[in-house]
Amino acid sequence: MRYLNVEEARTIQAERRKKAVSGFALHGFCAVAIGIIACFTIGDKAGGRVFPLIVAGLLLYLALSVKLSGFYMLFRPKEFTGTVTRIEAKEETVKKYMSSQPGVAYTADHIQKMEILVTNEKGKTIIHKFVLTDDYKELKLGDNVTVLSFIDRPVINK
């Protein structure tokens, strides 16, 4: 894997932002359509006692769609440039299968994750976690990096 420069990362981020907003809008439209259909079909038969359940179900669906579409990343800082002030590498165990399937041993993968603390010249800090690859093993304290909200790894400014 090669390093991304900041301009390439910004174009990728712009595409991913559009995709997240359009995905959330599509989920919102589906929630409204399902709500209207449910109110006219089920709501009339139940005499209005089902409306709170329909609203609660649609709110739950919208909350899940925030996560599924990546819309929550819009609330992160769009771009943060600063110097690395702390580096910590950890090994995490991730189950290979998401459930305990019969006949399958409890296998797991061990993933190296890196957590960096980036501080800008104004004194603000941000913590960024990402999967450690060989390209980022040479990252050291004092390196200038840019963290973008829709890019999973930091961009090392050279």
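Look up a bit, the structure's there.
Note that this is a predicted model, so its numbers are computed, not measured.

Enquirer: Could you clarify how one ought to interpret the side chain of Ser-69 in this entry?
Expert: Relative to the assigned elements, Ser-69 resides in helix 2 (residues 51-69). There is a polar contact of 3.4 Å between the side chain of Ser-69 and the backbone nitrogen of Phe-71. Discounting chain neighbours no more than four positions away, the residues touching Ser-69 are Ala-20, Gly-23, Phe-24 and His-27.

Enquirer: Just to check I follow, could you spell out the packing of aromatic side chains for this structure?
Expert: For any pair of aromatic rings, the description rests on two quantities: the centre-to-centre distance and the angle between the ring planes. This structure, assessed with the given rule, holds three aromatic pairs. Note on Phe-24 and Phe-71: the rings are 4.3 Å apart at their centroids and 15° apart in plane angle, and the pair reads as stacked. Of this pair, Phe-24 sits in helix 1 (residues 6-46) while Phe-71 sits in the loop between helix 2 and strand 1 (79-95), and the two are 47 residues apart along the sequence. Looking at Phe-24, the relative accessible area reads 22%, which means it is partly exposed. Phe-71 sits in the buried class, given a relative accessible area of 18%. When the ring of Phe-71 is compared with that of Phe-75, the centres are 5.8 Å apart and the planes differ by 80°; the resulting orientation is edge-to-face.

Enquirer: Which parts of the structure should I look at to understand helix 2?
Expert: Residues three or four positions apart in an α-helix share a direction because the helix packs 3.6 residues into each turn. An ideal rise of 1.5 Å per residue puts 27 Å on 19 residues; helix 2 measures up with 26 Å between its terminal C-alpha atoms. Within the span of helix 2, buried status applies to Ile-54, Ser-65 and Ser-69. Along helix 2, the residues classed as buried sweep out an arc of 25° about the axis, all on the same side. Away from the buried face of helix 2 by more than 90 degrees, exposed residues Pro-52, Leu-53, Leu-59, Leu-60 and Lys-67 are located. Following helix 2 by one or two positions, Gly-70 has its phi on the positive side, about 80°.

Enquirer: So what exactly am I meant to see when it comes to the side chain of Thr-119 here?
Expert: Inspection of the secondary structure puts Thr-119 in strand 2 (residues 108-119). Take Thr-119: its relative accessible area is 18%, and that puts it in the buried class. At 3.3 Å, the side chain of Thr-119 forms a polar contact with the side chain of Thr-85. Not counting chain neighbours up to four residues away, the residues in contact with Thr-119 comprise Gly-82, Thr-83, Thr-85, Lys-124 and Thr-125.

Enquirer: Which parts of the structure should I look at to understand the sheet that holds strand 5 (residues 155-156)?
Expert: Sheet strands pair by backbone hydrogen bonding; their relative direction is either parallel or antiparallel. The strand order across the open sheet formed by five strands is 3-2-1-4-5, and the pairing between neighbours is antiparallel. Here the strands that pair on one side only, and so sit at the sheet edges, are strand 3 (125-131) and strand 5. Note that strand 4 (residues 144-148) and strand 5 share two bridges and pair antiparallel. When the sheet's bridge partners are listed, Thr-146 is paired in strand 5 with Val-155.

Thresholds applied
- Residues numbered from 1 in each chain as written.
- Predicted model: local features only at pLDDT ≥ 70, side-chain atom pairs only at ≥ 80, totals over all residues.
- Heavy atoms only, no water.
- Helix = DSSP H or I, 4+ residues; strand = E, 2+ residues; numbered from the N terminus.
- Polar contact = N/O pair within 3.5 Å; in protein donor to acceptor, adjacent residues only side chain to side chain.
- Contact = heavy atoms within 4.5 Å.
- Phe/Tyr/Trp six-rings, centres within 6.5 Å; stacked < 30°, edge-to-face > 60°.
- Buried < 20%, exposed > 50% of the residue type's maximum accessible area, 1.4 Å probe, protein only.
- Expected span 1.5 Å × (residues − 1).
- Arc of directions from axis to C-beta.
- Pairing = 2+ DSSP bridges.

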